[in-house]
Amino acid sequence: MKKRLQTRQDRILTLANAISISRIVLTIPLILTLEKISQGYTDKLWQAFTIIILIILSDYLDGYVARKAKEITYFGKLIDPVADKICMMVVAIYLIIIYKLPFLVFFIMLALRDTFLVIIGIYLIFFQEEVFESNLSGKWFIFICSIMMCLFMFKDVLFIKESILWGMYIVSVILFFISSFNYFKRYMNYFNVLSK
């Protein structure tokens with residue numbers, strides 16, 4: 001059996017992975033800024049917006065660097081979606097404070113699904129030496145959901161209508177179920193083949 005951390009794909013300390021980890025680190029100033037905004041410091045909205053832009057840019061940059069520098073690793077494939085989810089959860093918690101039940105339900109669904117996906121991902125890496133990347137519907141969900149959350153956060157600055165906000169919320173929920181179905185189907189197919 002091959003020892004771990006032996007191949008190029010097993011590396012952890014790469015520039016691309018550092019960028020992914022920096023996205024998690026950026027949640028700390030984001031949390032502090034969102035806390036100030038929830039206390040009524042609306043002048044902090046632009047600071048939060050800047051941090052979110054940096055988080056989004058780092059999401060695109062880590063993948064670009066990984067491909068260009070040939071640094072696509074098992075750890076990178078795992079930490080990239082985990083970093084995305086951590087950032088999303090931070091914003092979702094803030095939105096729970098403001099909008100209560102709709103985002104509480106959204107947060108619970110997302111937390112349950114992503115905990116399952118992370119556990120499966122870790123199992124596949126360490127016991128099957130297999131890593132699945134995000135599927136297309138999952139990427140669309142992250143993209144649309146990020147826009148939806150930003151619109152809710154900055155609705156007063158952007159003068160967004162309530163109908164648009166809740167329309168984006170519904171689209172995000174639909175994409176959540178589609179991507180969840182696709183993830184579960186892919187893993188079920190994989191384990192069915194494995195058991196034969």
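Draft legend 1. Fine view of the packing of aromatic side chains. Applying the stated criterion across every chain, the model contains 19 aromatic pairs. Ring centres of Y99 and F103 lie 5.8 Å apart, and the angle between their planes is 45°; this geometry places the pair in the tilted category. Look at Y99 and you get buried, because its relative accessible area is 16%. Among the aromatic residues, ring-to-ring pairing joins Y99, F103, F106, F141, F152, W166, Y169, F176 and F177 into one connected group.

Draft legend 2. Layout of the packing of helix α6 (residues 136-153) against helix α8 (residues 162-195). Contact pair α6 / α8: the axes reach a minimum separation of 9 Å and the direction vectors enclose 155°. Taken as axis vectors, α6 and α8 run roughly antiparallel relative to one another. Considering only the axes of α6 and α8, their crossing is left-handed. Across from S137, G138, W140, F141, I144, C145, I147, M148, L151 and F152 in α6, the residues of α8 making contact are L165, W166, M168, Y169, V171, S172, L175, F176, I178, S179, N182 and Y183. A breakdown of the residues in the contact of α6 with α8 according to their chemical character gives 17 nonpolar, 5 polar and no charged.

Draft legend 3. Summary view of the nonpolar core. By size, the foremost hydrophobic cluster in this structure holds 38 residues, and its most contacted members are L30, L95, F106, F141, M148, M149 and M153. The set of elements that each furnish at least two residues to this core consists of α2 (27-38), α3 (45-68), α4 (74-99), α5 (101-128), α6 and α8. Among the nonpolar cores identified, the runner-up in size contains 6 residues, and L117, I120, L124 and Y183 belong to it.

Draft legend 4. How the structure looks around α8. With 34 residues, α8 ought to run about 50 Å at 1.5 Å a step, and its terminal C-alpha atoms sit 49 Å apart, in line with that. Taken together, the buried positions of α8 are occupied by L165, M168, Y169, S172, V173, L175, F176, S179, S180, Y183, Y187 and Y190. For α8, the secondary structure elements touched by its buried residues are α5, α6 and α7 (155-158).

Draft legend 5. The arrangement of the environment of F181 in detail. Tracing the backbone through its elements, the reader meets F181 in helix α8. F181 sits 32 residues away from M149 along the chain, and the two C-alpha atoms are 22 Å apart.

Draft legend 6. Quick peek at the side chain of S137. Following the sequence through the fold, S137 ends up in helix α6. For S137, a relative accessible area of 13% puts it in the buried group. Discounting residues that sit within four places of it in the chain, S137 has contacts with I178, S179 and N182.

What counts as what
Residues numbered from 1 in each chain as written. Predicted model: local features only at pLDDT ≥ 70, side-chain atom pairs only at ≥ 80, totals over all residues. Heavy atoms only, no water. Phe/Tyr/Trp six-rings, centres within 6.5 Å; stacked < 30°, edge-to-face > 60°. Buried < 20%, exposed > 50% of the residue type's maximum accessible area, 1.4 Å probe, protein only. Axes fitted to C-alpha atoms, helices over the stretch in contact; angles between N-to-C directions. Helix = DSSP H or I, 4+ residues; strand = E, 2+ residues; numbered from the N terminus. Parallel < 35°, antiparallel > 145°, perpendicular 65-115°, else oblique. Left-handed = near helix turned anticlockwise from the far one by under 90°. Contact = heavy atoms within 4.5 Å. Nonpolar A, V, L, I, M, F, W, Y, C, P; charged D, E, K, R; others polar. Core = buried A, V, L, I, M, F, W, Y, C linked by side-chain atoms within 4.5 Å. Expected span 1.5 Å × (residues − 1).

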